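Spelled out, the chains give:
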Amino acid sequence: MKALSIHLTDVCNSKCTFCIVDSPHIKQDSIMRRRVSRFLNENAGQDYEAVNLHGGEATIRKDFLDILDEIRDLGYPTVFLQTNARKLARMDYARTVVEKGVSLFVVSMHGATAETQDGISLAKGSFDQAVQGIRNVVELGATVRTNSVVCKDNFAELPEIVDLCLDLGADMVNISALHTDGTALRNFWEVTPRYDEIQPYVLEACARAVRRDARLLMEGFPYCAVPGYEKYLVDWEDNKFKVLYRTFVMEDYEDHMDDFTRVKDDRCGGCVFNDVCGGVYKEYAERIGWDEFHPVTELPVTASTTAV
Ligand code: SF4
């Protein structure tokens, strides 16, 4: 897929303890509408299949609905919205957003219970709102993909999170390794679990998704951390995203991730996944090290096909 991706706002109505954007600590939005409009205009008519909107929380922008109108007027085929779905708990608002062209909602689901999710978002009621938001857009015929970031507070209930998301009608579940930047970096030791600690739960969550014939996508994990489920790791070769992030444009999101966010170790040279694996988030490698990562010396049969 060839898509545009726009960071629409720095701010959010939640305060997640692992926010990579650092929204909980940002009071003033730096994203100017005219820069967003210029990016949309410059790229219109160039075969982009969708515009992906994210933040912060894109729906809290006062001009969010106007931006959806602008995207539609410029002829982009559809909009994907990464959201905490809290505002979508109101059916009239959810209907308006769907009618203005959002066909895919990527909803953050970081807990299987209100206690866990509200504890992470530091926003009481956010879990119930997200659940209702998903129900609303599913009822309206939109597609829902959930995204669950694995952290210290939720890893043990990851299988139950997957069950919940699928029960609510998600078309795909996305499990993301914690990107230890922004607020997650400020709270590093409070929020960051070790990969060897989370592995049994991640693998069980994957197994449940696969058993239920659900679509599964994993993001940000080193290949050696998810044995048996390597083929579900996101393949950015198939997804070309041109990104507007604050004041700069990334022509290719994958190149940016490889060049600036993740690192490899000498051991990776002897690993069969070295060419495709992005490695480990650099802040994690700097603080926790490499003792739990082991090069894979033989290509597992389970890794040979792409099922996503
Ligand atoms: S050993 Fe290195 S290249 Fe191999 S899967 Fe792990 S992080 Fe990736």
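See above for the structure.
This report concerns the structure included in the present document. Just so it is clear, the structure is predicted and the values come from calculations on it, not from any experiment. (Residues numbered from 1 in each chain as written. Predicted model: local features only at pLDDT ≥ 70, side-chain atom pairs only at ≥ 80, totals over all residues. Heavy atoms only, no water.)

With respect to the pattern of salt bridges
Any two side chains of opposite charge can pair if their charged atoms end up close together. Summed over all chains, the structure comprises 22 salt bridges. Among the salt bridges present, the one from Asp69 reaches Arg72, with a minimum N-O distance of 3.0 Å. Here Arg72 and Asp69 lie together in helix H2 (residues 64-73), a separation of 3 residues that amounts to about one turn. Judged by relative accessible area, which is 42%, Arg72 ranks as partly exposed. Of the charged contacts, one joins Arg90 and Asp92 as a salt bridge, the two residues approaching to 3.3 Å between their closest N and O atoms. (Salt bridge = Lys/Arg side-chain N within 4 Å of Asp/Glu carboxyl O. Helix = DSSP H or I, 4+ residues; strand = E, 2+ residues; numbered from the N terminus. Buried < 20%, exposed > 50% of the residue type's maximum accessible area, 1.4 Å probe, protein only.)

Looking at the pairing of strand E6 (residues 172-176)
Every regular strand shows the same layout, with side chains that alternate between the two sheet faces. Across the 5 residues that make up E6, a large majority, 5, are buried. Burial of the side chains of E6 extends over both faces: Met172, Asn174 and Ser176 are buried on one face and Val173 and Ile175 on the other. Where strand E5 (residues 143-149) and E6 come together, 5 bridges link them in parallel fashion. Paired with Val149 across the two strands is Ser176, which belongs to E6. For the crossover that starts at E5, traverses helix H6 (residues 158-167) and ends in the parallel E6, the hand is right-handed. As defined by bridge partners, E6 adjoins strand E7 (residues 215-219) across 5 bridges and the pair is classed as parallel. Note on E7: the bridge partner recorded for Ser176 is Glu219. (Pairing = 2+ DSSP bridges. Right-handed = clockwise from strand over helix to strand, strands pointing away.)

Some points on the site of the ligand
Near the ligand you find Pro222, Tyr223, Cys224, Cys268, Cys271, Asn274, Cys277, Gly279, Trp290 and Pro295, and these make up its full shell. For the shell around the ligand, the residue count by class is 8 nonpolar, 2 polar and no charged. (Near = heavy atom within 4 Å. Nonpolar A, V, L, I, M, F, W, Y, C, P; charged D, E, K, R; others polar.)

So, the sheet that holds strand E4 (residues 102-108)
Judged by pairing direction, the sheet is mixed, and its 9 strands sit side by side in the order E7-E6-E5-E4-E3-E2-E1-E8-E9 without closing on themselves. Lying at the two open borders of the sheet, with one neighbouring strand each, are E7 and strand E9 (248-250). Pairwise comparison of adjacent strand axes, ignoring direction, gives a mean angle of 20 degrees for this sheet. Where strand E3 (residues 79-83) lies against E4, 5 bridges are found, and the strand directions are parallel. The residue of E4 that forms the bridge with Gln82 is Val106. Of the strands in this sheet, strand E1 (2-7), strand E2 (50-54), strand E8 (240-245) and E9 are in contact with helix H1 (residues 33-43), which crosses E1 at around 170 degrees. Most of the contacts of helix H9 (residues 195-211) go to E7, to which it runs at about 155 degrees, and overall it touches E6 and E7. (Axes fitted to C-alpha atoms, helices over the stretch in contact; angles between N-to-C directions. Contact = heavy atoms within 4.5 Å.)

What about the pairing of E8?
Within E8, 5 of the 6 residues are buried, which leaves it mostly tucked inside the rest of the structure. In this structure, E1 lies alongside E8, joined through 5 bridges in parallel fashion. In the strand pairing of E8, Lys2 is matched with Lys240. Bridging between E8 and E9 involves 3 bridges; their strand directions are antiparallel. Along E9, the bridge assignment pairs Tyr245 with Phe248.

Digging into unusual backbone geometry
Backbone torsion omega between Gly55 and Gly56 reads 25 degrees, so that peptide bond is classified as cis. One can find Gly56 in the loop between E2 and H2. Positive phi is not limited to glycine here, since Asp22 has a value of about 70 degrees. Note that Asp22 resides in the loop between E1 and H1.

Comments concerning H2
Regarding H2, the residues found buried are Phe64, Ile67, Leu68, Asp69, Glu70 and Ile71. Residues of H2 that are buried make contact with H1, E2, E3, helix H3 (91-99) and E4. Within two residues after H2, Gly75 carries a phi angle of roughly 90 degrees, on the positive side.

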